[in-house]
Amino acid sequence: MSAAAAEQEAAAAAAAGESEDESEVLEESPCGRWQKRKEQVNQGNLPGLQSTFLAMDTEEGVEVVWNALQFTDKAAFKAHEEKIKTMFEQLVVVDHPNIVKVHKYWLDVKETMAQVIFITEYVSSGSLKQFLKKTKKNHKAMNARAWKRWCTQILSALSYLHSCQPPIIHGNLTSDTIFIQHNGLVKIGSVWHRVFASAIPAELRSPLRAEREEPRNLHFFPPEYGRVADGTAVDVFSFGMCALEMAVLEIQPNGDSCCVTEEAIERARHSLDDPNMREFILGCLLPNPDRRPTAHNLLFHRVLFEVHSLKLLAAHCFISNQYLMPENVVEEKTKALDLNMVMAEIQREGPRPPVQWRYSEVSFLELDKFLEDVRNGIYPLMNFATARPHALPGVTFPPAEDPQKAKTPTPEPFDVETRKVVQMQCSMEWSAEKRQRHRTIPGRWRLSLCTTASSVRMTARS
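For the structure given in this document, a descriptive report is provided here. Counting starts from 1 at the beginning of each chain's written sequence and moves along it residue by residue. Thresholds applied to this predicted model are a pLDDT of at least 70 for local features of residues and 80 or more for the giving and counting of side-chain atom pairs; totals over whole chains, interfaces and linings are not thresholded and use all residues. No hydrogens and no water enter the side-chain calculation; it runs on all heavy atoms of the structure.

A separate point is the packing of aromatic side chains. Any two rings among Phe, Tyr and Trp, with Trp reduced to its six-membered ring, count as a pair given centres within 6.5 Å; such a pair is stacked if its planes are under 30 degrees apart, edge-to-face if over 60, and tilted if neither. Applying the stated criterion across every chain yields a total of seven aromatic pairs. Summarising the aromatic geometry, the rings of Phe131 and Trp150 are spaced 5.2 Å apart at their centres and angled 80° between planes, so their arrangement reads as edge-to-face. You can see Phe131 sitting in helix 4 (residues 128-137) and its partner Trp150 sitting in helix 5 (residues 144-162), a full 19 residues away along the chain. Every member of this aromatic cluster is reached through a ring pair, and the members are Phe88, Tyr105 and Phe118. Only Lys NZ and Arg CZ are tested; either one counts as a charge over a ring when it is within 6 Å of the ring centre and within 35 degrees of the ring normal. One cation-aromatic arrangement involves Lys36 over Phe53; the distance from NZ or CZ to the ring centre is 4.4 Å. Above the face of the Phe370 ring, Lys311 is positioned so that its terminal group lies 4.5 Å from the ring centre. Note on conventions: DSSP H or I runs of at least 4 residues are helices, E runs of at least 2 residues are strands, and numbering of each starts at the N terminus.

This is the structure in structure tokens:
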């Protein structure tokens, strides 16, 4: 064997050894579902965490992040234990396709210290900051369509958080805490730092680092930050700075300083060619927080609002019921269409001819891509609700993971019903004597609708 081949073999063996070491299980959750590995990760979930390790969800077969928040003052921790548990119970139920999910938590109290361990979703594709640097390195400009899709997803997440009761303020939104997956789905991490900082008492806050400790991220925080009571407008300003950075790929700091100055931000603003994009971003960056638009209103700005709500609703209905249709249903339907048929028409008064759209003008490849984006969560339906108060629960939730709990049993397999009713008949008869209507559906079930002067009830019997 040559020396070069021997070196390659030794390097491969060393890499395999390192891989085996990283996959070694260091610790298990009390229920046995989550297994902590050696490999450390940085997901931006919470600045100041003592440790964030890669872990495995043995039930779902996916990688997750094992976070540990440690408290050295055990007595102070015990005094506020119920408040901390309530806070985590609220975090676990927050659910949005564009927010890094908190799956589970439990307390680990030892003789000398206490810690809260919580499991979060793992996003492997890297941060927005990393993506923008790679794009600029390849001398590519930001694609306007991608910019709009990313802005829509970030705003959808912020709109969800701000509509909770009470509102959740992110307070740490930067290009380092936004993650982009390979399919174009955007996830916001570090959502819980502000929640932690406000909910954990002062004597327990020592593990938490201030959001503004990173000098390169100072420009993401609005002028009023730290001087007045924070509101949702803080997140809108931070989003506007993220949108500006996405549009220009990078806001260059001046000289050797790692801080981005006001002059650099001004140069980035003036470099925007699209007047709608410029107006959209400048509205988010207004110095007066009361004049900034809300995240929900920004979703309907003309620079972003591309997909009609009826089209989006139809796509979501299609995705929800796709199991009832063939896998290649779009392709099969297009084969049966006459492409010269008129799909829609607008009539005009007077001698002007109507405006017509034919099936030949529709790109079915783009339709397939749009349905795939909806399936991946890139166009959440909740964007278009006028009011969506999400009441965060109090103490009515399942308790934290019990260390004495037995390992989670494997669920029994069951068959999912995929059939649908294509035709149904029923007959209804009126009984004057009993003053009842009897409705009969041929087949397995018979429904009886009983009507009285004071109530209406429906019963079913086999």
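Note on placement: Ser175 falls in the loop between strand 7 (164-165) and strand 8 (178-180). For Ser175, a relative accessible area of 0% gives the class buried. Polar contacts, as counted here, are pairs of nitrogen or oxygen atoms within 3.5 Å of one another; within protein the pair requires one atom able to donate a hydrogen and one able to accept it, and residues that are adjacent in sequence qualify only if both atoms are side-chain atoms. Side-chain polar atoms of Ser175 contact the side chain of Glu245, separated by 3.1 Å. Any pair of residues with heavy atoms lying within 4.5 Å of one another is described as a contacting pair. Setting aside chain neighbours within four positions, we find Ser175 in contact with Ser127, Leu128, Lys129, Phe220, Cys242 and Glu245. The buried label goes to any residue with under 20% of its type's maximum accessible area, the exposed label to any with over 50%, and the partly exposed label to all in between, with areas taken from a 1.4 Å probe on protein chains only.

What follows is about the nonpolar core. Definition used in this section: a nonpolar core is a set of buried Ala, Val, Leu, Ile, Met, Phe, Trp, Tyr and Cys residues joined via side-chain atoms within 4.5 Å. Residues Trp147, Phe239 and Leu244 are the most contacted members of the largest nonpolar core, which totals 52 residues. Listed by contribution, the elements that provide at least two residues to this core are helix 4, helix 5, strand 8, strand 9 (186-188), helix 7 (233-248), helix 8 (262-270), helix 9 (275-284) and helix 10 (295-298). Looking at this core, the element that brings in the most residues is helix 7, giving 10 residues. Ignoring anything within four residues of it in the chain, the contact list for Leu244 reads Ile251, Ile265, Ala268, Arg269, Leu272, Ile281 and Leu285. Among the nonpolar cores identified, the runner-up in size contains 13 residues, and Phe77, Leu91, Tyr105 and Leu107 belong to it.

Turning our attention to the packing of helix 7 against helix 9. For helices, the fitted line uses only the C-alpha atoms of the stretch in contact; every axis is such a line through C-alpha atoms, and the angle between N-to-C directions lies from 0 to 180 degrees. The contact between helix 7 and helix 9 brings their axes to 7 Å, and the two run at 145°. Two packed elements cross with a definite hand, and for helix 7 against helix 9 that hand is left-handed. Contacts between helix 7 and helix 9 involve Val236, Phe237, Phe239, Gly240, Ala243, Leu244 and Ala247 from the former and Met277, Phe280, Ile281 and Cys284 from the latter. Should the near helix be turned counterclockwise from the far one by less than a right angle, the crossing is left-handed, whereas a clockwise turn marks it as right-handed.

Salt bridges are defined as contacts in which a side-chain nitrogen from Lys or Arg sits within 4 Å of a carboxyl oxygen from Asp or Glu. The full count for this structure, using the stated rule, is 14 salt bridges. Here Glu27 ties to Lys36 by a salt bridge, and the two come within 3.8 Å at their closest N and O atoms. Notably, a salt bridge pairs Glu266 with Arg269, separated by 3.1 Å at the nearest N-O pair. Highlighted residues: Glu266 and Arg269, both in helix 8, separated by three residues, approximately one helical turn. Judged by its relative accessible area of 32%, Glu266 is partly exposed. In this structure Arg269 comes out as buried when scored by relative accessible area, which is 16%. The structure contains a network of salt bridges with shared partners spanning Arg33, Asp57 and Glu59.

For the rest of this paragraph, the subject is the side chain of Gln35. Looking at the secondary structure, you find Gln35 in strand 2 (residues 34-40). Of note is the side chain of Gln35, whose polar atom sits 3.0 Å from the side chain of Glu28. Setting aside chain neighbours within four positions, we find Gln35 in contact with Val25, Glu27, Glu28, Leu54, Ala55, Met56, Thr58 and Trp66.

On to the sheet that holds strand 1 (residues 27-28), then. Spatial strand order, 1-2-3-4-6-5: six strands in an open sheet with antiparallel pairing. Strand pairing shows two members of the sheet lacking a second neighbour, strand 1 and strand 5 (102-109), which therefore form its edges. Any two strands with at least two DSSP-identified bridges between them are counted as paired. Of the pairings in the sheet, the one linking strand 3 (residues 51-57) to strand 4 (residues 62-71) comprises seven bridges and is antiparallel in character. Bridging across to strand 4, Asp57 finds its partner in Val62. Sitting on the sheet, helix 3 (residues 81-93) is in contact with strand 5 and strand 6 (114-121), with an inclination near 160° to strand 5.

The end-to-end C-alpha separation of helix 5 is 27 Å, in line with the 27 Å expected for 19 residues at 1.5 Å each. For helix 5, the buried fraction is high: 16 of the 19 residues fall into the buried class. Residue Asn143 occupies the N-cap position of helix 5, its side-chain oxygen lying 2.9 Å from the main-chain nitrogen of Arg145. One fewer than the residue count of a helix, multiplied by 1.5 Å, yields its expected span.

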